[in-house]
Amino acid sequence: MAAVQLKPEQEVAMATLTIDGHSVTVPEGTTVLEAAKKVGITIPTLCHHPDLPPQGICRLCVVEVEGSFLLQTACTYPVKDGMKVRTNSPLVRESRRTTVELMLARGDHNCPTCPRNQNCELQTVAESLGIREIPFQVLRHPRPKDMSSASIVRDPEKCILCRRCVAVCQEVQGVGILFPVGRGFATEITTPLDRNLSEVACVNCGQCVLVCPVGAIYEKDDTNRVWEALADPSKVVIVQTAPAVRVSIGEELGLPPGSITTGKLVSALREMGFDKVFDTDFTADLTIIEEGHELLQRMKTGGTLPMLTSCSPGWIKFIEHYYPELLDHVSTCKSPQQMFGALAKTYYAQKAGIDPKDIYSVSVMPCTAKKFECTREEMCGESGPDVDVVLTTRELGRMIRQMGLDFANLPESDYDDPFGISTGAGVIFGATGGVMEAALRTVYEVVTGKTLPSIDFHPVRGLEAIKEADVDLDGVKVKVAVAHGLSNAKVLLEQIKRGESDYHFIEIMCCPGGCIGGGGQPIPTTMETRAKRIRATYEADRSLPLRKSHENPAIKKLYSEFLKEPLGEKSHELLHTTYRRRPLFQQRI
Amino acid sequence: MNSYLRSQKRVVLRNCGQIDPNSIEEYISSGGYRALKRALLEMEPAAVVQTVKDSGLRGRGGAGFPTGLKWEFAAKAEGDPKFVICNADEGEPGTFKDRLILEGDPHCVIEGMVIAAYAVGASKGYLYIRGEYGQSYETITNALKQARSAGFLGNDIAGSGFGFDIVVRSGAGAYVCGEETALMESIEGKRGESRVKPPYPTDKGLWGYPTVINNVETLANIPPIIENGADWFRQIGTPTSPGTKVFTLTGDVMNRGLVEVPMGTTLRTLVFDVGGGIPRGRKFKMAQTGGSSGGCLPASLLDIPLDFDSLREVDSSLGSGALLIVDDSHCIVDVVKSFMHFFEHESCGKCTPCREGTYRLARLVEKIEDEEATLADLDVLSRLCRVMERSCLCGLGQAAPKPVLTTLKYFKEEYLVHLRDQAASKGA
């Protein structure tokens, strides 16, 4: 395991200060914002996000610090011993009010038509400040929405220039395609050369969507396409649900973060009229069989190592844009979503006696990048796209609300056959380290022929940036690493580029925390909620009777009936894919 | 001696126009680099800091922060390397003192920087020059070359064992890059935008390392202070603002240009003695001190001493030493409008109150000038100004409302006559 260098416990100087008359003692250097929380005072913020570096630019969190003429931003201002802070003085209130009025005086802040209506930080702040009119002339921002991307929509008219998207794109994902341009009142957040998202090296991860406090960046809404399909009697509409959705859809519908609602999810989808409700976990198990054998083959035949996982489409687009020279390292396995799509319109169609053209394949994912993935030409079979439409967790939540279903009180029901049987290994795909752990459970037993003494590989679990482990396969040492978030992935890729990587197998998930922290998940998604969803994921794994992919009877049946063998001819045709070099910037002809 | 020269005292501009700025020999023969040798060969760094602290020198870029204290913070800050930056991004409208110093006496700035570097333990310096100052860039580049060959820059300066060198950087035309942290962002190759303080540059400056950033005029004061001592310096000026100040006299005044007077010289002396009074028989109406971001003072304040603290008391500032004189042929609202257009153009767009506020200030003042505004608009204008001066992220936004606030204080009737209701009754 990568050792985290912790400094030896040092004496941290403490500071005692008063905030609105309440005395509080915190380590020196704590921000006023954090210190205020300790005494139960929530200072309003907009540019501040718990997982991003403090910026102090929206100026909403200003407070009065005794002795300072200037108001100070609570999110950045470090406490000092003896400090006296007022968080709700007339000066502070006047300032916050004016700041919010200035924000509301430009752009489109029409709440009922906004994708973030009732879940908007600006709306919440304006409400608490009691703003009823705007003393400045309201100006619209004459910029069209960018609808070019298959995954993400940008609406500059709603942007309040808080730069959280800039920070997450640059700092967390290391992509950096969003940044401020222009100055003064003309400042805006845009892309390289102001191009559409589809023309720049955006990986569609949607982390910007998760951190946006307003409705300026959001998922491409595909709910109407699904409603239409459901209403079409000539279509057999099937749906698959990703591992991470079962631990987050409840949260989207008002349950506490970390609620496991697999059975209710299935019931809700049936209520909506889906003909078959299947589980992506099934093809997650299948991915493990194929990917595990691919790893063993690469190790036996001197193939390119380390092998990199391929289930995360944001990550795939990232390597295609930014490290195309390393594409040989990427496993040729399609993602579970796309394996499912390919089998649904072949194996399943055959088995059920349906013309594949009549199948409408819907996928519910924690992910915005999956929307793009299903449009890739590599992901189309003879009868069109393998997956017709991808919904995010948020969109499914919206549809369930539209249905008027009382989600919390729905009965539990089971997935349909044949893609309804899955194992704990498939479930943990949703968390960072999960694919690795699932692969190790299978690879160990395939190689050694022995049963694992302990099924839990703790070194690859958790939210640490980069995790590593050594596994002994009866004398064969396998060295593995796990990274989540693309900045962390970059560290491992640079190692490979320098020829210094001695890993055999690396799991990379585009989003922090893995899929449970994906760009399609409920808002807010923070490190705190991610941790809760991860806990739920491993709980779901533990509760299942089968926890190793190769023990899944439906998988065994699939091979005996249809695929024959891992990495076989059929597998190559349906379950494996190719990648392409993508430019950093698309030239216009 | 005529009144123009009588009130002046030349410390900073001592060599300007007296020596050939392209000749290090002339600088040396007029006493140049003696202070550097004294500091590096005869004094401990801490003693240099102490001397500057004792002198009471305050930053001449605008804020008036005690220079010695700034050096002491940087000297004590943990971090290696440390940097010294000379802020020559002179962007304040109506100010060109730094330009004259750089083009008239470049070596005294270099000498000041080396002494600062020695005092705080910096190994590298940056001289950040306003992009439009082509001649300054050439003169200073030539002077740096000469100083390097004469052994006043590089390794082992003047045989002291101390090493330091200076790199010149040219700005790209943004006013905000004169703000110290925005300037550092610019040197780092980033968008010119101010950083949130704290941390201050002396703790985390350029590339996150302890950095001293001083204005050209501040640094030009260093060699004479080291050479003549803190007590000598304190004899000039006022107790809390010792030394001289270079002012740029512009606008409706007979003698326009750079003048250097002891701190505390009154506005009246500058306008009527040094400046020679108001031309064309007009009357003095207003003086704006400190550039566009300074306050606007009426005739009743002509006897105010021009120093940091006196001006702060009347809600104005010494700023960079710009002094814009406006006669009674001008409408105050019109004058203020032009300042607001300037800030609207120069706001970097980072923080909300400045980005949105500078735009709104300009629109509101236009509305008033167009006789479209009401008393309610005047209230909104005042409120916006109050918020901006306390809540904006950096000095630009905090100072932008100053001309409005001070003219609302001293020339309110000129706003009132522009209001829609007032104008209507006037018309009737």
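Residues numbered from 1 in each chain as written. Chains lettered and ligands numbered in written order. Predicted model: local features only at pLDDT ≥ 70, side-chain atom pairs only at ≥ 80, totals over all residues.

Student: Before we move on, could you go through unusual backbone geometry and cite the residues and values that matter?
Tutor: L305(A) connects to P306(A) through a cis peptide bond whose omega is -5 degrees. With respect to the helices and strands, P306(A) occurs in the loop between α9 (280-301) and β12 (307-308). In the Ramachandran plot, L161(A) falls in the positive-phi region, its phi being about 60 degrees despite a non-glycine side chain. The residue L161(A) is located in the loop between β6 (152-154) and α4 (164-172) in this model. With 24 C-beta atoms packed within 10 Å, L161(A) lands in the buried category. Positive phi is not limited to glycine here, since A158(B) has a value of about 50 degrees. (Helix = DSSP H or I, 4+ residues; strand = E, 2+ residues; numbered from the N terminus. Buried ≥ 20, exposed ≤ 12 C-beta atoms within 10 Å, placed from the backbone.)

Student: Provide a residue-level description of the packing of helix α14 (residues 332-346) of chain B against helix α18 (residues 402-410) of chain B, including the pertinent values.
Tutor: The angle between the axes and the distance between the axes are what describe a pair of packed helices. Residue and element names in this part refer to chain B. Packing of α14 against α18 leaves a shortest axis separation of 9 Å and a crossing angle of 165 degrees. Taken as axis vectors, α14 and α18 run roughly antiparallel relative to one another. The crossing of α14 and α18 is left-handed. Facing α14, whose interface residues are I332, V336 and F339, α18 presents P403, V404 and T407. Among the residues forming the contact of α14 with α18, the class breakdown is five nonpolar, one polar and no charged. (Axes fitted to C-alpha atoms, helices over the stretch in contact; angles between N-to-C directions. Parallel < 35°, antiparallel > 145°, perpendicular 65-115°, else oblique. Left-handed = near helix turned anticlockwise from the far one by under 90°. Contact = placed C-beta atoms within 7 Å. Nonpolar A, V, L, I, M, F, W, Y, C, P; charged D, E, K, R; others polar.)

Student: Residues and numbers for the sheet that holds strand β6 (residues 257-262) of chain B, please.
Tutor: All names here are of chain B. Judged by pairing direction, the sheet is mixed, and its five strands sit side by side in the order β6-β5-β9-β7-β8 without closing on themselves. The two strands at the open ends of the sheet, each matched to only one other strand, are β6 and β8 (296-298). Going from strand to strand, the sheet's axes swing by 30 degrees on average, the running direction of each strand aside. Two strands pair when backbone bridges link them, and strand β5 (residues 244-251) and strand β9 (residues 322-327) are joined in this way by four bridges, in the parallel orientation. When the sheet's bridge partners are listed, T250 is paired in β9 with L324. (Pairing = 2+ DSSP bridges.)

Student: Tell me about helix α18 (residues 553-563) of chain A, and please be specific about residues and values.
Tutor: One turn of the α-helix equals 3.6 residues, which is why residues spaced by three or four share an orientation. All names here are of chain A. Those residues of α18 that fall on the buried side of the exposure criterion are I555, L558 and L563. For α18, the angular spread of buried residues about the axis comes to 50 degrees, placing them on one side. Away from its buried face, by an angle of more than 90 degrees, α18 presents the exposed residues P553, K556, K557, S560 and E561. Of the surrounding secondary structure, the elements contacted by the buried residues of α18 are α9, α11 (336-352) and α19 (569-574). Where α18 ends, the next residue or the one after it, K564, has phi of about 75 degrees, a positive value. (Arc of directions from axis to C-beta.)

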